[in-house]
Structures are given as C-alpha cells and as structure tokens.
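One letter stands for each residue in the lines below.
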Amino acid sequence: MSERRDVTQPSAGPGERERATGTELFRLRPRRIRLVCWVSAILLVVVFALVATTLTGPTGNGYGTFQRGDQFAMIGLGILFALGTLLFTRPRVEADVRGVRVRNIIGSYELPWEVVRGVRFDRGAPWAALELYDDDLLPVVALQAADKQLAVDGVRALRRLHREHLAALAERAAGQRPV
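Residues numbered from 1 in each chain as written. Predicted model: local features only at pLDDT ≥ 70, side-chain atom pairs only at ≥ 80, totals over all residues. Heavy atoms only, no water.

Here we come to the overall build of the chain. Looking only at helices and strands, the chain features three helices and nine strands. Seen in sequence order, the chain has helices and strands lined up from the N terminus as β-β-β-α-α-β-β-β-β-β-β-α. Residues classed as buried in the chain amount to 32% of the 179 residues present. Considering only contacts within the chain whose residues lie at least 6 apart along the sequence, 43% involve residues at least 24 apart. For the chain, the accessible surface area stands at approximately 11,300 Å², while carbon and sulfur atoms represent 59% of it. (Helix = DSSP H or I, 4+ residues; strand = E, 2+ residues; numbered from the N terminus. Buried < 20%, exposed > 50% of the residue type's maximum accessible area, 1.4 Å probe, protein only. Contact = heavy atoms within 4.5 Å. Areas by Shrake-Rupley, 256 points an atom, 1.4 Å probe, with all protein chains shown as cover.)

Here you go:
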C-alpha cells in the first residue's frame, strides 16, 4: 500500500522540498553554524585585505620592505582561512526508510538502518549521534544543539524513520514464519 505524501522537512527552503512516493526523504542542514561561518568567512577576507593594504614601507627594523607579493600573500591567507571556516558548513544528514546518509565536516557515511541501534542526543552534547550495533557512536554534526528546535525536530524525524524501518522488518519477519 503506497501512499503519496508531500514531505517538508524542518529545514525546508527553496529546493529542499522533496516529493516522495511511499517513502519519505528527510534532509537537514544546520542553520546557526552556517550563518556564523559565512559571516566569519567574509570578515576574514575583509580583515586580511585591510591588513594587506597597510603592509607598505619598511619592515620593523628597516632592513627590508613590504612588496606587492606580501600584500597578495596576506589576501591569499585570508581567503584560505575563509575557505577553512566554510568547511564547517558542510554537515548534512539525509534519511529515508532504507537508511541514513551523514556528511560531517570531514568524512561521509551511508548506513542502512539495520546497523543503527538508535538515535541519541545526550544532555549537554553539542550534536546528535547514531548508536550502532557494534557499540560505535557516529556523530551527526548536522543536528546541533545550537539549532534548538530544528535539532529536536530532526532527531524526532530520524527516530520515526528508524522505527518505521524496524516495524517493516518485524512485519516481514511475521509474514515469513511457517504456519
């Protein structure tokens, strides 16, 4: 029995609305850290560019002078630091009834629900985690405590999809038992 649903996630914005047929796709990216990182990246480039414009004349003791290359290098450093800051905008989590895909700052994981024991968000933890059957914890950086209600809704959605998968497995197992 397949029902057609229009799925809108807590983070739904332009282009993040998915049409699902019988399965629900959940997609979430953190909000607050993305805003902070973009503002910080822009400020880094501006500050390093301003510092680069002040690099003129002799160095501290007068034996050398700042050149155009030094100014360009300072701007380049600002751009590199800004790009490093933007790495923190990378986290994302996507899930459906088949499994979950987690993209953290460094590294990505695609896991079927069969290896996931539960979705945890411990008190005081900065982000949620997937508890795996091999006793590992996989951090889900996209579900950050700083996002408050967005993170709570995200954890609830992941738990609901996990429960739906477990119910489907139990239903299949009940249907395959010999009578």
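Picking up where we left off.
Before going further, it helps to spend a moment on the pairing of strand β9 (residues 137–144). β9 sits mainly inside the fold: six of its eight residues count as buried. Summarising the sheet, strand β8 (residues 127–132) and β9 pair through five bridges and their orientation is antiparallel. Residue pairing across strands places Leu130 opposite Leu138, the latter belonging to β9. In textbook terms, the turn of a hairpin is the stretch between consecutive antiparallel strands, and for β8 and β9 this stretch comprises four residues, one of which, Asp135, has a positive phi near 65°. (Pairing = 2+ DSSP bridges.)

Looking at chain direction, strand β3 (residues 26–28) and strand β4 (residues 92–95) are connected through three bridges and run antiparallel. Bridging across to β4, Phe26 finds its partner in Ala95. Of the pairings in the sheet, the one linking β4 to strand β5 (residues 99–103) comprises four bridges and is antiparallel in character. Paired with Val93 across the two strands is Val102, which belongs to β5. The antiparallel pairing of β4 with β5 creates a hairpin that spans three residues between the two strands.

The next thing to look at is a nonpolar patch on the surface. Together, Phe72, Ile75, Leu77, Ile79, Leu80, Phe81 and Leu83 make up an exposed nonpolar region whose accessible area comes to about 680 Å². As for its placement among the helices and strands, Phe81 is situated in helix α2 (residues 68–86). (Patch = residues over 30% accessible without salt bridge, like charges linked within 9 Å, V, L, I, M, F, W, Y side chains within 5 Å. Salt bridge = Lys/Arg side-chain N within 4 Å of Asp/Glu carboxyl O.)

Purely spatial values, then, with no claim about function.
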